[in-house]
Amino acid sequence: MTDKNFKRPIRKAIFPVAGLGTRFLPATKAMPKEMLPINDRPLIQHVYEEARDAGIEEFIFVTGRQKEMLEEHFDHQPELMEILKARGKHDMVAKVQDCQMPEGKLFLTRQAQPLGLGHAIWCARRLIGDEPFAILLPDDLVLHEKGCLSQMIEAYNEHGGNVVAVKDVPREETNKYGILDIDGDDGKHVGIKGLVEKPKPEEAPSTLSIIGRYILQPEVFDHLKAFEKGAGNEIQLTDSMAKLIGDQPFSGLRFDGQHFDCGSRLGFISANVSYGLADKNIGNDVREMLKTQKV
Ligand code: UTP
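Residues numbered from 1 in each chain as written. Predicted model: local features only at pLDDT ≥ 70, side-chain atom pairs only at ≥ 80, totals over all residues. Heavy atoms only, no water.

Participant: Can you walk me through helix H7 (residues 148-159) in this structure?
Facilitator: Because the α-helix completes a turn every 3.6 residues, residues three or four places apart line up on one side. Taking 1.5 Å per residue, 12 residues should reach 16 Å; H7 reaches 16 Å between its end C-alpha atoms and fits that length. Taken together, the buried positions of H7 are Cys148, Leu149, Ser150, Gln151, Met152, Ile153, Ala155 and Tyr156. Immediately downstream of H7, the backbone of Gly160 shows phi near 70 degrees, a positive value. (Helix = DSSP H or I, 4+ residues; strand = E, 2+ residues; numbered from the N terminus. Expected span 1.5 Å × (residues − 1). Buried < 20%, exposed > 50% of the residue type's maximum accessible area, 1.4 Å probe, protein only.)

Shown next as structure tokens:
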């Protein structure tokens, strides 16, 4: 069923977690990168909460080898709950409850080889079916009262079609990101007439990059199934998204909040400092600790 306005509700989200996390070796030799903690919870829980708070009802993990810990994290743990209750640790009971996924809401599919983000998304095609959906990359965190996906769903309800979260990057770094070719920009919403994955700085059509949050129409699977390889010899999501432009609305949202690329070591450390500072229980202590750090 196609809706001419491309505004059907967003009920499902894909979390691609099958990558190798090579930038964090040896930490990620046996442990999934997505289990690395930012403050008191792993990356995957931050993005799960963001999706849940945005109204997502079905959570689809694209996993791979050695990623079982991710599904375990969201399971019910009756023994642990009993011990916490017996010890009167009610704040911890609430915290553990917060990461228990409601039954029948978590869906798993496997990507046999990490052939690229586009391929990971294609692996979830049967679980998505014929409806628009969201994608959240656990590497990307946005610190703000209103989650990035909630902001994007508001933009989607207005503009419809496909919506990506975007931010400005220094021109010399365009070769690390998916970059927009812009068609109109009101400072918040950006029209998109093209997308290029990791262009050289001198060839980049703008300095606006996509971060790991997407709302896409299911027609993207018609293009993903071609398995075309792009930048880095990987099956890129950006290349298939670019093919929707012209047929469907496609826009970018300059989101509110501070973005962290937790897939890089510097971004990861920076996120831990900022989330620690923003924590109502330990924020002041973190601030004091930073003042006394010797460099
Ligand atoms: P990255 O390319 O940043 O993750 O993909 P990576 O490959 O695990 O990390 P490095 O570069 O080797 O350090 C972003 C997200 O997409 C997932 C990753 O798990 C990560 O959450 N991904 C990436 C897949 O699920 N499959 C892939 O083939 C590639």
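Participant: Can you walk me through helix H1 (residues 43-53) in this structure?
Facilitator: Most of H1 is tucked away: nine of the 11 residues are buried. Regarding H1, the residues found buried are Leu43, Ile44, Gln45, His46, Val47, Tyr48, Glu49, Glu50 and Ala51.

Participant: Explain the packing of aromatic side chains here, please?
Facilitator: Ring pairs (aromatic) are described by centroid distance and by the angle formed between their planes. In this structure the tally under the stated criterion is nine aromatic pairs. Arranged with centres 5.5 Å apart and planes meeting at 70 degrees, the rings of Phe15 and Phe61 form a pair that is edge-to-face. Here Phe61 lies in strand S4 (residues 58-63) and Phe15 lies in strand S1 (residues 12-16), a separation of 46 residues in the sequence. According to the relative accessible area criterion, Phe61 is buried, its value standing at 0%. Of the aromatic side chains, those joined through ring pairs into one cluster are Phe15, Tyr48, Phe59, Phe61 and Phe74. Arg125 extends its terminal NZ or CZ atom over the ring of Trp122, reaching a point 3.7 Å from the ring centre. (Phe/Tyr/Trp six-rings, centres within 6.5 Å; stacked < 30°, edge-to-face > 60°. Lys NZ or Arg CZ within 6 Å of the ring centre and 35° of its normal.)

Participant: Mind showing me how you'd approach the pairing of strand S11 (residues 208-216) here?
Facilitator: On any regular strand, side chains alternate: one points to one face of the sheet, the next to the other face. Judged by how many residues are buried, S11 sits mostly within the fold: nine of nine residues are covered. Examined bridge by bridge, strand S8 (residues 162-168) and S11 share five bridges and lie antiparallel to one another. From the neighbouring strand, Lys167 faces S11, where its bridge partner is Ser209. (Pairing = 2+ DSSP bridges.)

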